[in-house]
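# Geometric and topological summary
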Amino acid sequence: MRKVVIVGGGIAGMTAGVLLQKAGFDTEIYEKNALPGGQCTGWKREGYFIDNCIHWLTGTRPESALHELWKEIGALGNGVEVHEKEMFFSSKLNGQTLTFWRDKERTRKEMVELSPEDEKEINKLIEYVTMSETMTVPVEKPFDAMNPIDFMKLGMSMKSMGKVMKEYGNMDINELAMRFKHPLIRRAIVDYMPSGYQAYAFLVSYGTVTGGNGDIPKGGSLAMSLRIAEKYKEYGGVLYTNASVKNILINGKKADGIMLENGEQVEADYVICACDTDYTFRKLLPDKYMPKGLKQMYADRDKYPVSSGFQIAYAVDGVFGELTGTRVFSCDEINVGNQTVKSMSVQSYDYEPDFAPVGKMILQTNFSQTEADYKYWESLYTDKASYEKRKTEIAEQAIQRVIKEYPFLEGKIHVIDVWSPMTYTRYCNSYKGAYMSFVTTKQAKSITVPGVVKGLDNVFLASQWLMGPGGLPTAAAMGKFAAWRIMKRK
Ligand SMILES: Cc1cc2nc3c(=O)[nH]c(=O)nc-3n(C[C@H](O)[C@H](O)[C@H](O)COP(=O)(O)OP(=O)(O)OC[C@H]3O[C@@H](n4cnc5c(N)ncnc54)[C@H](O)[C@@H]3O)c2cc1C
């Protein structure tokens with residue numbers, strides 16, 4: 001039996017593990033943390049559960065190849081309930097609120113009521129959101145292995161996306177916002193995504209929700225990761241946790257296996273690097289092996305930006321329906337990282353009553369952070385006391401602003417945790433604290449890198465970084481592709 005060693009027990013690594021075990025390979029996953037899941041995780045504080053990933057899981061709608069993959073690896077199916085998102089998010093400005101509902105006709109009506117002079121542009125937006133519902137993440141086989149017929153089939157399945165790209169493919173979210181006259185519509189469009197994202201990303205994300213293809217599996221992120229780990233073990237896979245890998249053992253044009261941080265060596269016929277790709281080629285393998293495409297993207301920091309978040313979790317004494325969903329509002333200025341922000345969001349997890357003790361609820365704020373912000377946190381992190389102090393200061397300012405927006409929370413809300421982009425670097429060895437891959441900007445539309453390592457015949461890559469803008473479906477697809485490549489070699 002051929003042995004495969006997988007470095008990293010995130011969604012990409014575990015997907016590869018499940019599929020290879022199922023195909024009869026003998027696999028072992030080595031994960032540095034105590035729990036599998038990587039970025040797709042959550043943790044407890046003061047009796048509350050902080051869910052830190054799934055805002056929407058693309059592929060919850062049955063009858064797509066992606067949905068089948070989620071079922072195959074145990075993420076969905078087998079009685080796993082799915083919470084249907086009622087709204088994408090809402091934005092408030094000058095006392096007016098705009099909500100992007102799951103029901104897009106309701107959104108359209110609200111937008112037109114808000115701004116009749118934008119009606120034409122609003123109708124167009126909603127029409128193209130409907131077209132964007134056809135967008136899917138291709139999971140059959142790697143792009144470089146697809147033949148013209150495969151591409152034709154893919155194109156047919158996403159036929160309407162061609163029109164969407166033609167209309168919105170050459171603008172970013174700021175330019176999309178400027179197509180509208182109403183200040184709230186302009187603001188709402190740029191409120192949810194990090195600056196620089198292409199306009200079509202907004203349409204596709206909202207279309208995922210309106211198309212019923214971006215819901216949230218019951219139990220949230222960690223529960224989903226643990227289900228995949230369970231499926232992996234059911235097939236006989238061996239998952240080592242608290243097992244940090246130091247480097248890949250190279251012998252000529254092949255890898256012999258891996259060396260763990262504790263000095264232990266593990267032999268393998270194949271190695272899959274399923275962690276952050278920057279980390280892979282800085283620590284696990286010499287950087288001369290980094291695929292050219294990736295090297296270019298890491299080198300061009302303007303064209304291929306990444307983003308992260310500064311996040312706060314609050315415990316709330318009471319359950320308030322007014323807080324349902326994700327709500328963005330204007331607030332007094334607050335310095336977060338290197339930037340001064342004037343708006344913030346609160347997200348409620350009331351759809352999962354078990355995330356809070358009875359009669360209480362949990363809220364979260366996520367301030368988007370750029371690479372410049374990351375530098376700020378990275379330098380502060382060298383002095384842990386100053387780092388912790390700054391985190392606490394920001395959280396205190398943020399909670400005041402939340403109370404100002406929702407006065408009924410006075411005396412009923414307190415901070416239970418604060419984490420910064422550095423948390424992602426510490427926990428997952430993430431490049432500049434990013435938890436998605438490169439942002440798909442106007443200048444950098446297509447970000448795909450084959451998961452092979454030139455010069456090393458039996459080493460493969462599986463990571464969200466191989467296809468922008470990353471995310472869970474990309475991680476799973478890249479895990480599947482790594483498994484596919486190894487199965488082809490059998
Ligand atoms: C706040 C937040 C919100 C998000 N929201 C969404 C969402 O709504 N929808 C969506 O699709 N995606 C979302 N994502 C993104 C999603 O979590 C990631 O795209 C996905 O989990 C990445 O999976 P991965 O396997 O590629 O990488 P990772 O999760 O980073 O997995 C890599 C694994 O390798 C391990 N590792 C690293 N170095 C070593 C080493 N030396 N030895 C052993 N193990 C190592 C890490 O600990 C980690 O477990 C969100 C993420 C965050 C943090």
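Before reading further, recall that the structure is shown in the block above.
What comes next is a walk through the structure. This is a predicted model, so every value here is computed, not measured. (Residues numbered from 1 in each chain as written. Predicted model: local features only at pLDDT ≥ 70, side-chain atom pairs only at ≥ 80, totals over all residues. Heavy atoms only, no water.)

In this sheet, strand β8 (residues 96-101) lies alongside strand β7 (residues 87-93) in antiparallel orientation, the contact comprising six bridges. Note that in β8 the partner of serine 90 across the bridge is threonine 99. Counting the residues in the hairpin turn of β7 and β8 gives two residues, including asparagine 94, whose phi is positive at 50°. (Pairing = 2+ DSSP bridges. Helix = DSSP H or I, 4+ residues; strand = E, 2+ residues; numbered from the N terminus.)

So, about the sheet that holds strand β11 (residues 245-251). Taken in spatial order, the three strands of this open sheet run β11-β12-β13, and their pairing is antiparallel. Both edges of this open sheet fall to β11 and β13 (265-267), since each of them pairs with a single strand only. When the angles between neighbouring strand axes are averaged without regard to direction, this sheet yields 30°. Strand direction decides the pairing type here: β11 and strand β12 (residues 254-260), joined by six bridges, are antiparallel. When the sheet's bridge partners are listed, isoleucine 248 is paired in β12 with isoleucine 258. (Axes fitted to C-alpha atoms, helices over the stretch in contact; angles between N-to-C directions.)

Let us look at the environment of glycine 17. Its place among the elements puts glycine 17 in helix α1 (residues 11-22). Linking glycine 17 and phenylalanine 100, residues 83 residues apart in sequence, is a C-alpha distance of 38 Å. Contact partners of glycine 17, with chain neighbours within four places excluded, come to Ile6, Thr27 and Tyr232. (Contact = heavy atoms within 4.5 Å.)

Taken N-terminus to C-terminus, the directions of helix α13 (residues 371-381) and helix α15 (residues 421-428) make an angle of 70°; their axes are 8 Å apart at the nearest point. Here α13 lies roughly perpendicular to α15, going by the angle between them. Contacts between α13 and α15 involve Tyr374, Trp377, Glu378 and Tyr381 from the first element and Pro421, Met422, Thr425 and Arg426 from the second. The residue makeup of the contact of α13 with α15, split by class, is five nonpolar, one polar and two charged. (Parallel < 35°, antiparallel > 145°, perpendicular 65-115°, else oblique. Nonpolar A, V, L, I, M, F, W, Y, C, P; charged D, E, K, R; others polar.)

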